[in-house]
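So the chains spell out like this:
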Amino acid sequence: MAPVACENGVCPLSLSNINDQWPKGWSERDRVAALRAYGVLHTAPEIGFDDIVALAAKICDAPTALISLVDTDTQWFKAKVGLVACETGRDVSFCDHAMREHEVMVVRDATQDPRFADNALVTGSLGIRFYAGAPLISAEGLPVGSLCIIDYRPRPGGLTDLQAQALSVLARQVISQMELRKALAQRKESEETARRAVLASEYVGAWDWDMVNDRVVADERFARMYGLDPEVGVAGAPLSVFMAHMHPDDVDRVAAEIEQATEGDGVFVSEYRLQAPGETPRWVVARGQIYFAADGTPEHFPGISVDITERKALDANLADVAAALSESEAKFRAIADSMPQMVWSTHADGLHDYYNARWYEFTGVSEGSTDGEGWAAIFHPEDQPRAWEVWRHSLATGDLYEIEYRLRRHDGVYRWTLGRAVPIRNEAGEIIRWFGTCTDIDDLKRVEQNKELLSQELSHRIKNIFAVVSALIALSAREHPEAKAFASAVRNRIGALARAHEFVRPHSEVSRPTVGDMTLHAFLEALFKPYANDDGSARVTIEGDDAIFDDQAATSVALLFHELATNAAKYGALSVVGGRVILRTELRDDRFVLTWTETGGPAVAGQPTREGFGTSLATLSVQGQLGGRLERIWRRDGLKVVADLPATALSRRRAAQNVR
Amino acid sequence: MTARILIIEDEALVAMELRFVLEDLGYDVVAIAADARTARNLAKETEVDLALVDIHLSDGPTGVELGRDLAQEAGVTVLYMTANPGMVRNGVAGAIGVLGKPTDERAVQKSVEYALGRRNGQPVQYAPPELQLFAN
């Protein structure tokens, strides 16, 4: 029988047709379920079962005895003597037959039995000849296997009555063992479940107080909770023994509550602390019921208690959080009310729900009247569309809200106000609320306007000084006719500087230059105006990229092109009718290149042998002031000058700001 | 006939230099006024063909109003000369235009010739590029 493999535990034959042979009333599925409910398949050998097969073999005088449990496809041996294999395929199983019988099935000579004559266990090396099996029937009446003995010689005499009876008794014994086994396992499981439930429920324990004899009987957990030996609890002890472990601050109160329950309807509910030596106090809630004798005397008082320490801690924590919240709310209001600004807040959708005291003080509106969309009425009507647009944009994008508008003060005067708001986001990054401020900047605005006026006045004075200096030079030169040319050159240079100043000084609407914008091209056009044709058409054509430029660059640019133009008017393209200049300005990545090309002038012989002051001034302007390179190319048909500047040179202040 | 020119300018040096330039060119500079009242009185007492008017005078930015009055009421041809041409950006009725300061002799000469040409009904020449004309 051994040769059938059991290592992998599976013999691949399905006997689905077996179902059809079963008596009505139960199915193969129920049978297998009943077998598996014992939880015995593939468990280790157990002495109780081993003893039974040993006894069966002895009684029947057989070399082999087995407890064979018939699973879906295999039969597995819980106990065996005289056999090595631990299971075989169900297709060769004798027990599969035996278990369907009501009594012991006896096969005297398998070779002669049509059911087993060609069974591999019979024809093979194992050579079973004799078989006797008693069915194993579960408590529900389902066959799960058999207790059998096997011999390798035919036994024409079969079993004796005693042997057959013993086999049946032992088979029932096997089932009893298996039932016991199952019951034990179930009890263990339910105990485990109960233990877990108790642990999870924070249930402490139960007591029963015999009030007449003053004896409290308590279970183990209860006793331990009171710092008592569990045996004291089981044996019982006076109430005072238990009360001794109650927190001193709670003893009197609990005693009063017991008194109250005794005099009333007997219902007792109390929360108190237990203080076991060396441990932190535990909070418990005790619920009990006093039972009274017919004459009204309290007799006994059973109850249970539950550990609520953690719940208490949670409650306390909640209270702390609530206190902290209300404190921080109070702090926020105190801060908000003491701020010089008006402070407000809205829901994520922009609905106003809070204003500080300053808002009400400034606007004079009654508290709550500007909640929701009421705030819009406080805005200057001209500023409302703009403010709404900016606010809607912020609400939609979460961008910082910042705008200047006029806000109506309580006296009806509109004051310029700076409104700002930032979104407050939750951990997920969603906007949960907006906090905003309104700052009265009306005075500041006035100061700014005054400052602007002052700086315009100052600028005007500077411009006037250019005129005075220019006049002074002209007047001085009158004394010295030989200095006339010199004076004229200096005055022209001052004129160029004055024009540069005009372009870059702080401007108001009124003082803005009369021509064009404050760009490089507009400035150069103004600078070259004196060199135009009589009909006003320009002789210096400016083309290419325009640029913004500031006061730092202006004087250098003015001097450079004043010198180039003056020179061209004296010796170059602008000295003859028909000659012209093209000034090309190009932004090439981080360079700004200005190319001055003269055409149509007198033929150029080559580089002048001597460098004039004007030339030095131009070079100094570009290389010294603007940090660029200046190159002069003396082409035959006209001078070409290339000023290669860093792109930031024209507007250093702006470049510096952009770096931030 | 030599044109009679009134200089209205509160910076004495600038006024003096302008006077010399104009006199060199053969014009008759009848007077220099540093404030609007003086200028008005002078215009009443003396015959003036052309007034060169600064805007910021010793009594404040009174030049704009003064120029308008001289042009419209006293029949004087008015040319503004100022360091702050933006003040008369939108033009002044009756006045010719504005010349920025500082400027050079040639621009002064061309501008005065242009203004007097207009006054005398001569064919309008090209105005010098430095002179911004008012559209009126």
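Residues numbered from 1 in each chain as written. Chains lettered and ligands numbered in written order. Predicted model: local features only at pLDDT ≥ 70, side-chain atom pairs only at ≥ 80, totals over all residues.

## Focus: the overall build of chain A
- Across its full length, chain A carries 19 helices and 22 strands.
- For chain A, buried positions account for 28% of its 660 residues.
- Within chain A, contacts between residues at least 6 apart in sequence are counted, and of these 55% link residues at least 24 apart. (Helix = DSSP H or I, 4+ residues; strand = E, 2+ residues; numbered from the N terminus. Buried ≥ 20, exposed ≤ 12 C-beta atoms within 10 Å, placed from the backbone. Contact = placed C-beta atoms within 7 Å.)

## Some thoughts on the overall build of chain B
- Scanning chain B from N- to C-terminus turns up four helices and six strands.
- Scanning chain B from its N terminus toward the C terminus, one meets helices and strands in the order β-α-β-α-β-α-β-β-α-β.
- Here chain B holds 136 residues, and the buried ones make up 51% of them.
- In chain B, the share of contacts with a sequence separation of at least 24, taken over all contacts with a separation of at least 6, comes to 58%.

## Quick word on the interface of chain B and chain A
- Counting from both sides, the interface comprises 22 residues of chain B and, opposite them, 28 residues of chain A.
- Ranked by residue count, the leading element in the side of chain B that touches chain A is helix 1 (residues 12–24) of chain B, at five residues.
- Class assignment of the residues belonging to the side of chain B that touches chain A gives a composition of eleven nonpolar, five polar and six charged. (Nonpolar A, V, L, I, M, F, W, Y, C, P; charged D, E, K, R; others polar.)

## Re the sheet that holds strand 14 (residues 352–355) of chain A
All names here are of chain A.
- Taken together, five strands build an open sheet; the order of strands is 14-13-17-16-15 and the sheet is antiparallel. The sheet terminates laterally at strand 14 and strand 15 (401–408), the two strands that pair on one side only. Direction aside, the axes of adjacent strands within the sheet are offset by 25° on average.
- Pairing geometry for strand 13 (residues 342–347) and strand 17 (residues 431–440), over six bridges, is antiparallel. Bridge pairing in strand 17 places Ser345 opposite Phe435.
- Together, strand 15 and strand 16 (414–425) form the strand contacts of helix 13 (residues 384–397), whose direction differs from that of strand 15 by roughly 145°. (Pairing = 2+ DSSP bridges. Axes fitted to C-alpha atoms, helices over the stretch in contact; angles between N-to-C directions.)

## Notes on the packing of helix 17 (residues 551–570) of chain A against helix 18 (residues 613–625) of chain A
Residues and elements named next belong to chain A.
- Direction vectors running N to C along helix 17 and helix 18 enclose 150°, while the axes themselves pass 9 Å from each other. Here helix 17 is positioned roughly antiparallel relative to helix 18, judged by the angle of their axes. Judged by the sense of rotation from one axis to the other, the crossing of helix 17 with helix 18 is left-handed. Mapping the contact onto sequence places Ser556, Leu559, Leu560, Glu563, Leu564, Thr566 and Asn567 in helix 17 and Gly614, Leu617, Ala618, Ser621, Val622 and Gln625 in helix 18.
- A class-by-class count of the residues in the contact of helix 17 with helix 18 yields six nonpolar, six polar and one charged. (Parallel < 35°, antiparallel > 145°, perpendicular 65-115°, else oblique. Left-handed = near helix turned anticlockwise from the far one by under 90°.)

## With respect to the sheet that holds strand 4 (residues 105–107) of chain A
Residue and element names in this part refer to chain A.
- In space, the six strands of this open sheet follow the order 3-2-1-6-5-4, with antiparallel pairing throughout. Two strands in the sheet have a free side with no partner beyond their single neighbour: strand 3 (87–89) and strand 4. For this sheet the average axis-to-axis angle between neighbouring strands, irrespective of direction, equals 25°.
- Sheet topology note: the strand 2 (residues 74–81)/strand 3 ladder contains three bridges and is antiparallel. In the sheet register, Gln75 faces strand 3, and the bridge partner there is Thr88.
- Against the sheet, helix 3 (residues 47–60) touches strand 1 (64–70), strand 2, strand 5 (130–137) and strand 6 (143–151), its axis set at about 75° to strand 2.

## Digging into the environment of Gly266(A)
- Along the polypeptide, Gly266(A) turns up in the loop between helix 10 (248–263) and strand 9 (267–274).
- With 14 C-beta atoms counted inside 10 Å, the residue Gly266(A) sits in the partly exposed group.

## Concerning the nonpolar core
- Residues Leu6(B), Ile8(B), Ala51(B), Leu52(B) and Val78(B) are the most contacted members of the largest nonpolar core, which totals 51 residues.
- Discounting chain neighbours no more than four positions away, the residues touching Ile8(B) are Ala33(B), Ala39(B), Ala51(B), Leu52(B), Val53(B), Asp54(B), Leu57(B), Gly63(B) and Leu66(B).
- By size, the runner-up hydrophobic cluster in this structure holds 46 residues, among which are Ile67(A), Trp76(A), Phe116(A) and Tyr131(A). (Core = buried A, V, L, I, M, F, W, Y, C linked by C-beta atoms within 7 Å.)

## Quick word on the pairing of strand 6 of chain A
All names here are of chain A.
- Of all nine residues in strand 6, eight are buried; the element is thus mostly enclosed.
- When strand 1 meets strand 6, the two strands line up antiparallel, connected through six bridges. When the bridges of strand 6 are listed, Ile67 appears paired with Leu147.
- Across eight bridges, strand 5 lies against strand 6 in antiparallel orientation. Bridge pairing in strand 6 links Leu136 to Gly145.
- In this antiparallel pair of consecutive strands, strand 5 and strand 6, the connection spans five residues, and Gly141 shows a positive phi of 90°.

## Re helix 13 of chain A
- Counted at 1.5 Å a residue, the expected span for helix 13 of chain A with its 14 residues is 20 Å, and the 20 Å between its end C-alpha atoms agrees.
- The positive-phi residue at the C-terminal boundary of helix 13 of chain A is Gly398(A), with phi of around 85°. (Expected span 1.5 Å × (residues − 1).)

## Some points on the packing of helix 14 (residues 442–478) of chain A against helix 1 of chain B
- Where helix 14 of chain A contacts helix 1 of chain B, the axes come no closer than 8 Å and their chain directions differ by 45°. The angle between helix 14 of chain A and helix 1 of chain B places the two elements in the oblique class. The handedness of the crossing between helix 14 of chain A and helix 1 of chain B comes out as left-handed. Facing Ala467(A), Val468(A), Ala471(A), Leu472(A), Ala474(A), Leu475(A) and Arg478(A) of helix 14 of chain A, the residues of helix 1 of chain B in contact are Leu13(B), Val14(B), Met16(B), Glu17(B) and Phe20(B).
- A per-class count over the contact of helix 14 of chain A with helix 1 of chain B returns ten nonpolar, no polar and two charged.

## Side note on unusual backbone geometry
- For the bond running from Lys101(B) to Pro102(B), omega is -5°, close enough to zero to count as cis.
- Within the secondary structure, Pro102(B) sits in the loop between strand 5 (97–100) and helix 4 (105–119).
- Although it is not a glycine, Asp214(A) sits at a positive phi angle of roughly 50°.
- Within the secondary structure, Asp214(A) is located in the loop between strand 7 (203–210) and strand 8 (215–218).
- Although it is not a glycine, Asp589(A) sits at a positive phi angle of roughly 55°.
- A residue is classified by how many C-beta atoms lie within 10 Å of it, and Asp589(A), with 6 of them, is exposed.

## Overview of the pairing of strand 3 (residues 50–53) of chain B
Residues and elements named next belong to chain B.
- Judged by which residues are buried, strand 3 turns out to be covered on both faces: Leu50 and Leu52 on one side and Ala51 and Val53 on the other are all buried.
- With four bridges connecting them, strand 1 (residues 4–8) and strand 3 associate as parallel partners. Bridge pairing in strand 3 places Ile7 opposite Leu52.
- Sheet topology note: the strand 3/strand 4 (residues 77–82) ladder contains four bridges and is parallel. Paired with Leu50 across the bridge in strand 4 is Thr77.
- As a crossover connection, the stretch from strand 3 through helix 3 (residues 63–73) into strand 4 is right-handed. (Right-handed = clockwise from strand over helix to strand, strands pointing away.)

## Overview of the confidence of the model for chain B
Residue and element names in this part refer to chain B.
- Per-chain confidence: chain B averages 89 in pLDDT, with 97% of residues scoring 70 or above.
- Of all the helices and strands in chain B, strand 6 (residues 131–133) carries the lowest mean pLDDT, 87, while strand 3 carries the highest, 96.
- The complex prediction reports pTM at 0.46, with the ipTM value standing at 0.85. (pLDDT = per-residue confidence, 0-100.)

## Some words on the confidence of the model for chain A
- On average, residues of chain A score 83 in pLDDT, and 91% of them are at 70 or above.
- Note on residues 1–23 of chain A: pLDDT under 50 across the span, and 36 contacts to partners over four residues away in sequence or across chains.

## Here we look at helix 1 of chain B
- Between its first and last C-alpha atoms helix 1 of chain B spans 18 Å; for 13 residues at 1.5 Å apiece the expected length is 18 Å, and the two agree.
- Among the residues of helix 1 of chain B, Val14(B), Ala15(B), Glu17(B), Leu18(B), Val21(B) and Leu22(B) are the ones counted as buried. All buried residues of helix 1 of chain B fall inside an arc of 165° around its axis, so they share one side. Structural note: helix 1 of chain B exposes Ala12(B), Glu23(B) and Asp24(B) on the side pointing more than 90 degrees away from its buried face.
- Looking at the buried side of helix 1 of chain B, the elements it contacts are helix 14 of chain A together with strand 1, strand 2 (28–33), strand 3 and helix 4 of chain B.
- Among the residues trailing helix 1 of chain B, Gly26(B) stands out with phi positive, at a value near 95°. (Arc of directions from axis to C-beta.)

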